[in-house]
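Tertiary structure, described
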Amino acid sequence: MTLKEVVNNVAEMPASKNAVVDIKNLSLTFQTADGPVYALSEVDLTIEEGDFVSFIGPSGCGKTTLLRVIADLERATDGHISINGVSPEAAREQRAYGYVFQAPALLPWRSIERNVTLPLEIMELSKEERVKRAQEALKLVELNGFEKKFPWQLSGGMQQRASIARALSFDADLLLMDEPFGALDEIVRDHLNEQLLKLWARTNKTVAFVTHSIPEAVYLSSKIVVMSPRPGRIIDVIETNFPKDRTLDIRETPEFLEIAHRVREGLRAGHSNDE
Amino acid sequence: MMSGQTGPVCVVLLALFVLWYVGAVFMNAPTQIDRYERADQAWTTGQLIEDTLAQDRPILPAPHQVAVEMYKTIFAIKITSKRSLVYHSWVTLSSTLLGFGIGTLLGVLLAVGIVHVMTLEKSLMPWVISSQTIPILAIAPMIIVVLGAIGIKGLVPKAVISTYLCFFPVTISMVKGLRSPQVIQLDLMRTYNASKWQTFWQLRLPSAMPYLFASLKVAIAISLVGAIVGELPTGAQAGLGARLLAGSYYGQTIQIWSALLTAAFVAALLVVIVGWIERRVLVRMGVKA
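Residues numbered from 1 in each chain as written. Chains lettered and ligands numbered in written order. Predicted model: local features only at pLDDT ≥ 70, side-chain atom pairs only at ≥ 80, totals over all residues.

So, the overall build of chain B
What counts is decided by this rule: Per the convention used, a helix needs a DSSP run of H or I reaching at least four residues, while a strand needs a run of E reaching at least two, with both numbered from the N terminus. To get the radius of gyration, use the C-alpha atoms; to get the globule rule, take the number of residues to the power 0.38 and multiply by 2.2 Å. Burial is judged by counting other C-beta atoms within 10 Å of a residue's own C-beta: 20 or more means buried, 12 or fewer means exposed, and anything between counts as partly exposed, with every C-beta placed from the backbone. Our contact criterion uses C-beta atoms placed from the backbone: two residues qualify when those atoms are within 7 Å.
Helices and strands together make up the secondary structure of chain B, namely 11 helices and 0 strands. Radius of gyration (C-alpha) of chain B: 24 Å, far over the 19 Å computed for a compact globule of 289 residues. Expressed along its principal axes, the backbone C-alpha trace of chain B runs to roughly 90 × 55 × 35 Å. Here chain B, with 289 residues, has 34% of them falling under the buried criterion. Counting contacts in chain B only where the partners sit at least 6 residues apart, residues at least 24 apart contribute 75% of the total.

Some details on the confidence of the model for chain B
To be explicit about the condition: A score from 0 to 100, pLDDT tells how confident the predictor is in each residue.
On average, residues of chain B score 89 in pLDDT, and 97% of them are at 70 or above. Taken over the whole predicted complex, pTM reads 0.81, whereas the ipTM for its chain interfaces reads 0.85.

Considerations on the sheet that holds strand β1 (residues 19–32) of chain A
Residues and elements named next belong to chain A. Worth spelling out the cut-off: The pairing criterion for strands is at least two bridges between them, as found by DSSP. Axis angles are defined between N-to-C directions and span 0 to 180 degrees, where every axis is a line fitted to C-alpha atoms and, for a helix, only to the segment in contact.
Taken together, the 3 strands give an open sheet; going across it, the order is β2-β1-β4, and neighbouring strands pair in antiparallel fashion. The sheet is open, and its two borders are formed by β2 (35–48) and β4 (78–83), each paired with just one other strand. Across the sheet, the mean angle from the axis of one strand to that of its neighbour is 20°, orientation sign disregarded. By the bridge criterion, 10 bridges tie β1 to β2 in an arrangement that is antiparallel. From the neighbouring strand, Ile23 faces β2, where its bridge partner is Leu45. Helix-sheet contacts for helix α2 (residues 63–70) involve β1, β2 and β4, and the interaxial angle to β2 is about 65°.

Comments concerning the interface of chain A and chain B
Note the threshold: Under the grouping applied here, Gly and all other residues not named as nonpolar or charged are polar, the nonpolar ones being Ala, Val, Leu, Ile, Met, Phe, Trp, Tyr, Cys and Pro and the charged ones Asp, Glu, Lys and Arg.
Counting residues at the interface gives 17 residues for chain A, matched by 15 residues for chain B. For the side of chain A that touches chain B, the element with the most residues is helix α5 (residues 118–122) of chain A, which contributes 3 residues. Residue composition of the side of chain A that touches chain B, by class: 13 nonpolar, 1 polar and 3 charged.

Quick notes on the environment of Ala39 of chain A
Residues and elements named next belong to chain A. In this structure, Ala39 sits in strand β2. Among the residues examined, Ala39 registers 24 C-beta atoms within 10 Å and is labelled buried. Distance in space between the C-alpha atoms of Ala39 and Val210 is 15 Å, their sequence separation being 171 residues. When neighbours within four sequence positions are excluded, Ala39 is seen to be in contact with Leu28, Thr29, Phe30, Gly62, Thr65 and Gly232.

Side note on the packing of helix α7 (residues 155–178) of chain B against helix α9 (residues 196–231) of chain B
Describing two packed helices takes the angle between their axes plus the distance from one axis to the other. Residue and element names in this part refer to chain B. Inclusion rule: Here roughly perpendicular refers to angles of 65 to 115 degrees, roughly parallel to angles under 35, roughly antiparallel to angles over 145, and oblique to all remaining angles. Take the far helix as the reference: if the near one is turned anticlockwise from it by less than a right angle, the crossing is left-handed, and if turned clockwise, right-handed.
As a packed pair, α7 and α9 sit with axes 7 Å apart at the nearest point and diverge in direction by 160°. Taken together, the axes of α7 and α9 are roughly antiparallel relative to one another. Like other packed secondary-structure pairs, α7 and α9 cross with a definite hand, here right-handed.

Let's talk about the pairing of strand β5 (residues 97–100) of chain A
Residues and elements named next belong to chain A. Burial along β5 is two-sided: the residues Tyr97 and Tyr99 and Gly98 and Val100 are all buried. Summarising the sheet, β5 and strand β6 (residues 174–178) pair through 4 bridges and their orientation is parallel. Directly across from Gly98, in β6, lies its bridge partner Leu175.

Some remarks on helix α11 (residues 253–284) of chain B
All names here are of chain B. What counts, and what does not: The span expected for a helix works out to 1.5 Å for each residue beyond the first.
For α11, built from 32 residues, the straight-helix expectation of 46 Å at 1.5 Å per residue is met to within 8% by its first-to-last C-alpha distance of 47 Å. All of the buried residues along α11 are Thr253, Ile254, Gln255, Ile256, Trp257, Ser258, Ala259, Thr262, Ala263, Val266 and Leu270. At its buried positions, α11 is contacted by α3 (63–74), α4 (85–116), α9 and α10 (240–249). Immediately downstream of α11, the backbone of Gly286 shows phi near 80°, a positive value.

In structure tokens form, the structure reads like this:
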């Protein structure tokens, strides 16, 4: 199957079973003083329920922008996008997704527990309910016991886990993650990847995950979206078939290396266009 | 905290005192010598130094003269007496605190408006800034006269002058503080579909607290200055400003310096209290102790 065929196949897929995110012919152009910047160009993508989709590509390829469009933090200038069948704005108003940023973005004046309950307070849940849900969310990221600590008392990896707990606390079915482990060292990153995978297997959430690490993308995903810059576009979509309970060991298998190779080829092809 | 610095701090203080004494001797010597010559009196350097530090109305009073005067007017007199500095300090302090309270409230409200409404930023900010370019000494009598004409006298006009001075740093700092949340934090609130009001309480206001306290320290000190300035045009009735004015009418330099130092102590005390509240609040907000 050539790259083109894959892209066509994906485009032709019916807005099928249970499309959580459905994107057709989406473009986003930023008007800047130096002329227009084509952040996203004619993107087609479907994310189905229970998918773990990674977006990978060099900086400037629009992977973060695409995630922000899904989250209604940016507005597309052209094309169609729906989240659970409604517009991104309506989905945001329904709190349909949890968003994890590149940095933990914890509020320094709140304890870990009260950081996790922040969205619940905004949703005006009762105090008992808030504490109960915070407990559950903190358990999922193995941070129970740290409720009363302040963010500065935790390591970078723990802070990011707390921010994941915060995104999990209101139990949205869709999790949007923008390079959440980008600033962490390899070992911590491996550990958090394993935890995230377990979480995904257990909760059956739909995850959209931006990364620039090929092994991370291949290890985590059920679907890898390879993107290329100028203009930002999708050049390959790769489905993987690793079992949900996979361990880090699969990184040594031929299948893993084959997929990683294909991702790398895709990234290289995207780059050769403008260099 | 002070343990390693106590010595050096004492040395600096001591040096300042020595400098003050030397200054007093040199400043007061010419009038003293004049006095000796008129009385046809022989004098020695030792006697000159002694006498320059014990004049009734010296150009620069010596520290111990001011200290004695302060002791007499603060501790040795009933605090209800019109000569008591405690009484005058209280008069000034009450309008300082009233003005500070109103000024802080006004400053915060202005900042909240400016941050949330674009029109207010364009329309109010130039006035806020130009209000501070007018010398307070010029505008203070106007305020007293205008308010007096409509029957408002005593505490309130002085507090208005304090308010006029102290809302400014609060507004400027709070505008900056309320805008200090990072883009990522504002995005976070947006993903929760938080209302403007929720974003304000949960994010903007807590972010602005360090800015607020920094400005409150400035505000409370200049609020005191405002109250003192407000007491000058009222004809030296009561307050530290009145003591300063009365002292200068009658050449009572020792009285002026006592009132001056008392004002300085009160200001320092107020700033320390604000600093103490700041630490309490920030510790509760999880700032590293």
